[in-house]
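Notes for the structure review
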Amino acid sequence: MTRVLVQIIAQLAMFLEFADDATLDPDAAVKQLEELAFQLQQLPPADRGEFIRLLSEVAGEWPGERERQFLLDLPEALSSDSDDNRILATTANLAKELA
């Protein structure tokens with residue numbers, strides 16, 4: 001996994017998360033975040049670890065605190081370790097913070 005790919009994934013995830021309703025249908029955004037989560041869950045454990053490491057580096061360089069925190073929380077949100085849908089929970093929590 002290269003840093004450039006991680007930056008692309010981070011940018012896409014942030015667009016899906018933070019785009020306003022006029023720019024992107026919220027239902028479509030959630031569906032795409034779920035698909036992104038599913039695809040990333042398919043990574044072998046070593047690649048997943050490398051993704052998380054690189055994502056942490058990318059997040060540390062992001063200028064906005066809100067976006068930086070979103071990226072730092074993303075690996076847990078994308079985790080398949082739990083039966084609940086963590087990506088939806090993270091999205092809901094961020095939406096509450098922004099309201």
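Residues numbered from 1 in each chain as written. Predicted model: local features only at pLDDT ≥ 70, side-chain atom pairs only at ≥ 80, totals over all residues. Heavy atoms only, no water.

**A word on the overall build of the protein chain**
When helices and strands are counted, the protein chain shows five helices and zero strands. Each of the 99 residues in the protein chain was classed as buried or not, and the buried ones make up 33%. A separation of at least 24 residues holds for 60% of the contacts in the protein chain among residues at least 6 apart in sequence. Taken as a whole, the protein chain presents about 6100 Å² of accessible surface, with 54% of it coming from carbon and sulfur. (Helix = DSSP H or I, 4+ residues; strand = E, 2+ residues; numbered from the N terminus. Buried < 20%, exposed > 50% of the residue type's maximum accessible area, 1.4 Å probe, protein only. Contact = heavy atoms within 4.5 Å. Areas by Shrake-Rupley, 256 points an atom, 1.4 Å probe, with all protein chains shown as cover.)

**Topic: the confidence of the model for the protein chain**
Confidence along the protein chain averages 83 in pLDDT terms, with 79% of residues attaining 70 or more. Ranking the elements of the protein chain by mean pLDDT puts helix 5 (residues 86–98) last with 54 and helix 1 (residues 3–18) first with 95. (pLDDT = per-residue confidence, 0-100.)

**Regarding the nonpolar core**
If you look at the biggest cluster of nonpolar residues, it comprises 25 residues, and the most contacted ones within it are Leu40, Phe51, Leu55, Phe70, Leu71 and Leu74. Those elements giving two or more residues to this core turn out to be helix 1, helix 2 (26–41), helix 3 (45–61) and helix 4 (65–77). With seven residues, the top contributor of residues to this core is helix 1. (Core = buried A, V, L, I, M, F, W, Y, C linked by side-chain atoms within 4.5 Å.)

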